[in-house]
Amino acid sequence: MNKIHVSTTVNGDDTEFLCDPRETLLDCLRDELNLTGAKEGCGTGDCGACSVTLDDRLVCSCLVLGAEAEGKKIQTVEGIADGDQLHPLQKKFIEYAALQCGICTPGILVATKSLLEKNSNPTETEVRYWLAGNLCRCTGYDKIIRAIMDTATDMREAH
Amino acid sequence: MEYYTPESFNKASEIATNAQGITRFLAGGTDVLVQLRADMISPDVLIDIKNIPGAKEIECLADGSWRIGAAVTGAEMSEHSELKTQWPGLVEAMDLIGSTQIQGRATLVGNLCNGSPAADAVPAMMAADASVLVVGPNGTRELSVQDMPVSPGKTSLSKGEVISAVLIPARGKNGGDAYLRFIPRTEMDIAVVGCGVNLQTDGEIITEARLCLGAVTPTIRVVSEATKLLVGSKLDQGILDEIAKAASSASKPITDKRGTIEYRIEVAGVLAKRATKIAYDRARGLK
Amino acid sequence: MALDEQKTEGFKFVGTRPDRPDGLDKVTGRAKFGADMSAPGMLHGAILRSPHAHARIIKIDTSEAEALAGVKAIVTRADFSRNIDFAPGSKGATWSVLENVMANEKVLYDGHALAAVAATSQLIARDAIKLIKVEYEILPHVTDVDKAMAPGAPIIREGTADGSVPEGCHPNVVGYHNSGHGDVDAGFKEADLIIEDSFSTEATHQGYIEPHACLATLGQDGKGELWCTTQGHWEAQKICAALLDLETSQLRVTASEIGGGFGGKTTVFIEPVALALARKANRPVKLVMSRSEVFRATGPTASTSMDIKIGMKKDGTITAAQGTFRLQGGAFPGAPGEFTAMCAFAPYSLKNVNQIGYDVMSNRPKQAAYRAPGSPMAAFAVESIIDELCNRLDLDPFEVRLKNASRKGTKASFGPRFDDIGLVETLEAAKAHPHYSAPLKEGQGRGISCGFWFNFGGETSVTLALSLDGTAQISVGTPDVGGSRASIALMAAEELGIPYEHIRVTVADTATLGYNEISHGSRVTYASGLATIKAARDAIKKLCKRAAIKWDIPEEAVKWQDGCAVPSGPNAGDFDPIPIKKLTAKMGATGGPIVGHFEATPDGAGVSFATHIVDAEVDKETGKTSIIRYTVVQDAGKAIHPTYVEGQFQGGAAQGIGWALNEEYIYGEDGRLQNSGFLDYRIPLASDLPMIDTVIVEVPNPGHPYGVRGVGETSICPPLAAIANAVSAAAGVRLRQLPMSPPRILAALKAK
């Protein structure tokens, strides 16, 4: 067994772990680093429940090898809140009931935060298409989209 | 599985040439990792090309042509406003692959080398008359994308060869391309039919034309009948109907979980018409 | 229940929209789902599954797998109970689960489990599986419901039919239902127009984003712990104990947060396997299904083949209705042919009605419930014909439905007389909704449909413990699948008169509470809610008794008001109210801890009806359909937390949209499932759907103290038909097969 030693940054913290070359970044986050926020819903990049950002780029962590995290900057759902201060998206999701079972929520929050950092004034269509790779089976997306649109408005007005 | 991160394409080629067992190159991993997890392949050697200098660059060369490094992602292509302005069809085709997350990793080269008859970027690349730079045990060569697909899942590259960049011709004036695909949902599906069109015009007359169909033949190729019909003509409804017929005739699809033979033949014609119209309007500066 | 005990207005907490208690954990990634738990020394499990649709197992050779470094245990059927016998019909239910969990002599579908491995890493476990050698004798297979009933079809299992099945049916027909009233032949003679047609739907999957996952520990002493994602942990406890020859009480099951269930997690698939591996290895075993395994080997819903005949007079009166519904539920009994038949004509008050349902076996995975099992398919067929009748007789679809609607006192098609129901209210609200009168563009069509579901009661236990500071801790046994912890806290707050924030609701494990039926049948807000109200009233009685003792007046002279014990009237005495926290602070000394509890099997679950309106647009050149606008109108009885009720309405509609347009199980000629992933099993994306508008109608259910009706399931009953009617209107041609995928729509357009 030849494990690969990976040095990376996760949610701002310098982090190291050992992994089998075949392990995905998702496996490593969950099993080596105990960051179970990212979920495996499909393992094939179709559901987005494993979404993280890799050097500020939104990706499915199930399609990245743990070894590929070497020297990179990773952000997961656990890094969205600032200590005990929730991000406006997180607050709005709770307020608007933009979650039911909550399994897709980490992926959607990571994906949406990434969107709003690139585009602070998305249209409903832009939000829906940005999130096409984040499957939700419980909500029909309605309250999620409303929460995102209103958060975007709040965040623009706060500036 | 052995995992390598070579620092040059020559080194990557050398590792592959000497490797025993199953070897795969890794760019975005959006095909390789899926196949690995599904136990469709068990690579003995995995060669990651993303650390190679130049692999992540999009360059417009002096003659107006483009050199897109093998590790450039779809997201990066979509964010490149000049590339997008000149080759919107190609950029849109790449952009249609998967989700935002997939776009953050997927590459033109990966889409091409995976060899799927339903690849989205390939009809657009082929219509654009793109070529690739191939680094191999016998040196470097340029290969037209048209000559790459051999059969489903297989390209004409041989052991030890790796693509370092995609070359797109200069757009020049009065040119336009477009790519459309049919899928049952709005995103995320593999193309049931895909169609890439690239045209040059002189006034209202089409002077050059390449139309490529995806997902309806074992290998993606240029529909020569469409070129014959389009070159020298103005794009009127009559020509569009002929294009549809030619596309349908050129389609030799299968019935599978994504579509039936009859359906694909019919929709190939519909998309050929629609994509040709968009490419034409773009070439003439109307879009 | 006496009506004067029911409260349907004047609420202080019920009907408000506070934040749900599990929200913070879920938006920060802290919430623990099935696969998020680990234990020291934990092994990882993997399951070997059949690649054949039907085959005899000749030999399983595990020797190479056993020799792989890191493999600690391998199990096959031999490691499970030998005390469970096959029996026909529902008596064989436990045997069916065992046979499905681990094959014995035959594999019965592509994906059927036949061996499992526990190893020190996930990768080693998966590598070990590949080293197990199996010799199969391949048998002919059948996956289509009608083919499975036909003479000569491969027999799944002899002797499985229960006593209901008529003579002469193929052995694959294992259940039969025939009910109705009146004289349909006479009724058809009175009709001015009769439409008779056939419909079919393919199997679909609940599509929960969280695969099944569990962590099991089991000692040779028969004591075990199971952590699993489930809708019913007492059910899991019961079945796992039986399958592993354990005493039920020695197995403690804890339900994790559940990442979607919709009926698919009401039974066990991998949990007994994890326990068997854990016992053999003497170490905790974590077992998680891959997405492909979920599709191949959990419980999709049945595929159907249906024949409907309805007769109508020119004035819109339905004179007779007849339906025959054939459902295949995989290689075991259980397809909801009975429910399909019973729901089909429920929205209509009919003099002459007959429905027949068949439960058929085939070489497919063992079906499980999917949100109102059987009802959506029936609605698809029946409401399509009602739509056709309205079109051909030039009648308004709402007027016809209102004319024939079931009301209080109507003898239901399936037998009993309806009590207070809200069908007419939903029809009227839908008809008056601006959606119905909004203009349509070229290429667009509008469809409506009704839907019905029974809802369910079930065994329920709730305990409400008061803390020293007057706050409350409620233990329920129903996993929270729809936001029920919020609704339950709201109902308790209403009774106790204390703030919502002073109440914490926990889903207790099997060792700490009385038996609880699965969270299914839309029963949680109804049954756990009813039990919570009763438990709160029990606690209140005890609190009042403490005040009575303090005031030295009879117990009956004390009542509870706004969170305080108060004298029930001026004759009781002139005492200041005692707030709850003063009573609880002293409870140790005044009689002991105060806990309210309630255990029962409530039988007053109210049925619920819905009416949906949908606008669809069809691209006639490609058959592609877009959903333009969607409105759900449904009777909730009483919406405890309206936001969560809206969420159920929207979620059911979205699943219905996927089922109507794109979702289907695709089997090859070889009987293997071709689309076992989210790429080709196409559920709706955010970009596929519009906003989904909701209207909550409230016709109180007499069987609940606040009038609650279950809402979770009815929302999936109308969409298949509403969308079929909209697409048929937009395309100008009737679609009779689901899903209405683009190739089918284009083929129908070309055939016109």
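The text that follows walks through the structure, step by step, so that each part is easy to find. (Residues numbered from 1 in each chain as written. Chains lettered and ligands numbered in written order. Predicted model: local features only at pLDDT ≥ 70, side-chain atom pairs only at ≥ 80, totals over all residues. Heavy atoms only, no water.)

**Topic: helix α11 (residues 375-393) of chain C**
All names here are of chain C. What counts, and what does not: Numbering of helices and strands starts at the N terminus; helices are DSSP runs of H or I of at least 4 residues and strands are runs of E of at least 2. What a helix should span is 1.5 Å times the count of its residues minus one. We call a residue buried when its accessible area falls under 20% of the maximum for its residue type, exposed when it is over 50%, and partly exposed in between, using a 1.4 Å probe and counting protein chains only.
For α11, with 19 residues, the first-to-last C-alpha span of 27 Å sits near the 27 Å given by 1.5 Å per residue. Most of α11 sits out of view: 16 of its 19 residues are buried. Following α11 by one or two positions, aspartate 394 has its phi on the positive side, about 55°.

**Digging into the interface of chain B and chain A**
Often, the extent of an interface is quoted as the loss of accessible area upon association of its parts. For clarity, the threshold we go by: Every residue pair with non-hydrogen atoms within 4.5 Å of one another is taken to be in contact. Values labelled buried area give the accessible surface lost by two parts on being combined, using a 1.4 Å probe and summing over both. A side-chain nitrogen of Lys or Arg and a carboxyl oxygen of Asp or Glu constitute a salt bridge if their distance falls within 4 Å. Whenever a nitrogen or oxygen atom comes within 3.5 Å of another N or O atom, the pair is scored as a polar contact, on the condition that within protein one atom can donate a hydrogen and the other can accept it, and that pairs from neighbouring residues in sequence are kept only if both atoms are in side chains. Each residue gets one label: Ala, Val, Leu, Ile, Met, Phe, Trp, Tyr, Cys and Pro are nonpolar, Asp, Glu, Lys and Arg are charged, and the others, such as Gly, are polar.
The interface of chain B with chain A comprises 26 residues on the first partner and 30 residues on the second. Roughly 2200 Å² of surface becomes buried between chain B and chain A when both sides are summed, with 61% attributable to carbon and sulfur atoms. A salt bridge links glutamate 79 of chain B to arginine 57 of chain A; the shortest N-O distance between them is 2.7 Å. On the surface where chain B and chain A come into contact, there are eight residue pairs in polar contact (both at pLDDT 80 or more). Of the residues in the side of chain B that touches chain A, the class split is 11 nonpolar, eight polar and seven charged.

**Let's talk about unusual backbone geometry**
The residue after leucine 738 of chain C, namely proline 739 of chain C, is reached through a cis peptide bond having omega -5°. Here proline 739 of chain C lies in the loop between β27 (737-738) and α21 (742-751). A positive phi angle, close to 75°, is found at alanine 215 of chain B, a residue other than glycine. Of note, alanine 215 of chain B is situated in the loop between β13 (205-214) and β14 (221-222). One non-glycine residue, aspartate 552 of chain C, lies in positive phi territory at about 60°. Its place among the elements puts aspartate 552 of chain C in the loop between α16 (524-551) and β20 (558-561).

**A look at the nonpolar core**
So the rule is basically this: Grouping buried Ala, Val, Leu, Ile, Met, Phe, Trp, Tyr and Cys residues that are joined through side-chain atoms within 4.5 Å yields what is termed a nonpolar core.
Among the nonpolar cores identified, the biggest contains 235 residues, and Phe93 and Leu131 of chain A together with Val273, Ile310, Ile723 and Met740 of chain C are the most heavily contacted of them. The biggest single contributor to this core is α11 of chain C, with 10 residues. When near neighbours in sequence (up to four residues on either side) are disregarded, isoleucine 723 of chain C contacts Val614, Ile627, Tyr630, Gly656, Ile657, Ala660, Leu661 and Met740 of chain C. Among the nonpolar cores identified, the runner-up in size contains 68 residues, and Ala12, Val134, Leu143 and Val162 of chain B belong to it.

**Observations concerning the sheet that holds β27 of chain C**
To summarise the sheet geometry, strands pair through backbone hydrogen bonds and adopt either a parallel or an antiparallel arrangement. Residues and elements named next belong to chain C. Which entries qualify depends on this criterion: When DSSP finds two or more bridges between a pair of strands, those strands are recorded as paired. Working convention: axes come from line fits to C-alpha atoms, limited for helices to the stretch in contact. Angles between N-to-C directions cover 0 to 180 degrees.
Strand order in the open sheet made by the six strands is β7-β15-β14-β13-β8-β27, with mixed pairing throughout. One side of each edge strand has no neighbouring strand; the edge strands of this open sheet are β7 (173-181) and β27. Here β7 pairs with strand β15 (residues 353-360) via eight bridges, running antiparallel. If you follow asparagine 178 over to β15, its bridge partner there is isoleucine 356. On top of the sheet, helix α10 (residues 337-344) reaches β7, β14 (318-328) and β15; it is set at about 160° to β15, its chief contact.

**Digging into the state of the cysteines**
Residue and element names in this part refer to chain C. The following threshold applies: Two cysteine sulfur atoms form a disulfide, by the criterion used here, when they sit within 2.5 Å.
Going through the model one piece at a time under the given rule, you end up with zero disulfides over all chains. A disulfide-free cysteine, cysteine 228 has its sulfur positioned 6.5 Å from the sulfur of cysteine 214, the nearest such atom. Residue classification places cysteine 228 among the buried residues on the basis of a relative accessible area of 0%.

**Observations concerning a negative patch on the surface**
Here is the rule: By definition, no residue in a patch forms a salt bridge, and every one has over 30% relative accessible area; like charges are joined within 9 Å, nonpolar side chains (Val, Leu, Ile, Met, Phe, Trp, Tyr) within 5 Å. Accessible surface is estimated by sampling points in the Shrake-Rupley manner with a 1.4 Å probe; for residues, cover comes only from the protein chains shown. We count Lys and Arg on the positive side and Asp and Glu on the negative side, and we leave His and both chain ends out. For charged residues, the charge sits on one atom: NZ in Lys, CZ in Arg, CG in Asp, CD in Glu.
Where like charges cluster on the molecular surface, the negative patch consists of Glu95 and Asp150 of chain A together with Asp19 and Glu501 of chain C. Among the structural elements, glutamate 501 of chain C can be located in the loop between α15 (484-496) and β19 (503-507). For glutamate 501 of chain C, a relative accessible area of 62% corresponds to the exposed category.

**Thoughts on the packing of helix α12 (residues 397-404) of chain C against helix α13 (residues 423-432) of chain C**
Residue and element names in this part refer to chain C. Here is the rule: Reported orientations rely on four angle classes, namely roughly parallel under 35 degrees, roughly antiparallel over 145, roughly perpendicular from 65 to 115, and oblique for the rest. By definition, turning the near helix anticlockwise from the far helix through less than a right angle yields a left-handed crossing, and turning it clockwise yields a right-handed one.
Two elements in contact, α12 and α13, have axes whose closest approach is 10 Å; the angle formed by their N-to-C orientations is 165°. As summarised for this structure, α12 and α13 are arranged roughly antiparallel, according to the angle between their axes. Both α12 and α13 take part in a crossing whose hand is left-handed. Note on element contacts: α13 touches α12 through Val424, Leu427, Glu428, Ala430 and Lys431, opposite Phe398, Glu399, Arg401 and Leu402. Its residues assigned to classes, the contact of α12 with α13 comprises five nonpolar, no polar and four charged.

**Overview of the interface of chain A and chain C**
On the side of chain C, 52 residues touch chain A, which itself brings 46 residues to the contact. Of all residues in chain A, Ile94, Gln100 and Arg137 of chain A give up the largest surface area on contact with chain C, accounting jointly for 21% of the area buried on that side. Counting across the chain A and chain C interface gives five salt bridges. Across the salt bridge formed by glutamate 646 of chain C and lysine 143 of chain A, the nearest N and O atoms sit 2.6 Å from each other.

**Looking at the pairing of β20 of chain C**
All names here are of chain C. Here β20 shows one buried face, formed by Val558 and Trp560, and one open face, formed by Lys559 and Gln561. Note: β20 against strand β21 (residues 564-567), four bridges, orientation antiparallel. What sits directly across from tryptophan 560, in β21, is alanine 565. Two successive antiparallel strands, β20 and β21, enclose a turn made up of two residues, where aspartate 562 displays a positive phi of approximately 50°.

**So, the side chain of lysine 638 of chain C**
Relative to the helices and strands, lysine 638 of chain C resides in the loop between β25 (624-635) and α19 (642-661). Not counting residues within four places of it along the chain, the set of residues in contact with lysine 638 of chain C comprises Thr8, Phe11, Val14, Glu698, Tyr706, Gly707, Val708 and Arg709 of chain C.

**Some details on a positive patch on the surface**
All names here are of chain C. Positive charge collects at one region of the surface, where Lys550, Lys581, Lys582 and Lys586 lie side by side. On the secondary structure map, lysine 586 appears in the loop between α17 (580-585) and α18 (587-590). A relative accessible area of 56% places lysine 586 in the exposed class.

**Notes on the environment of asparagine 83 of chain C**
All names here are of chain C. Checked against the element boundaries, asparagine 83 lands in the loop between β3 (71-75) and α3 (93-101). A relative accessible area of 59% means that asparagine 83 is categorised as exposed. The spatial distance from the C-alpha of asparagine 83 to the C-alpha of alanine 242 is 8.6 Å, given a sequence separation of 159 residues. At 3.1 Å, the side chain of asparagine 83 forms a polar contact with the side chain of aspartate 245.

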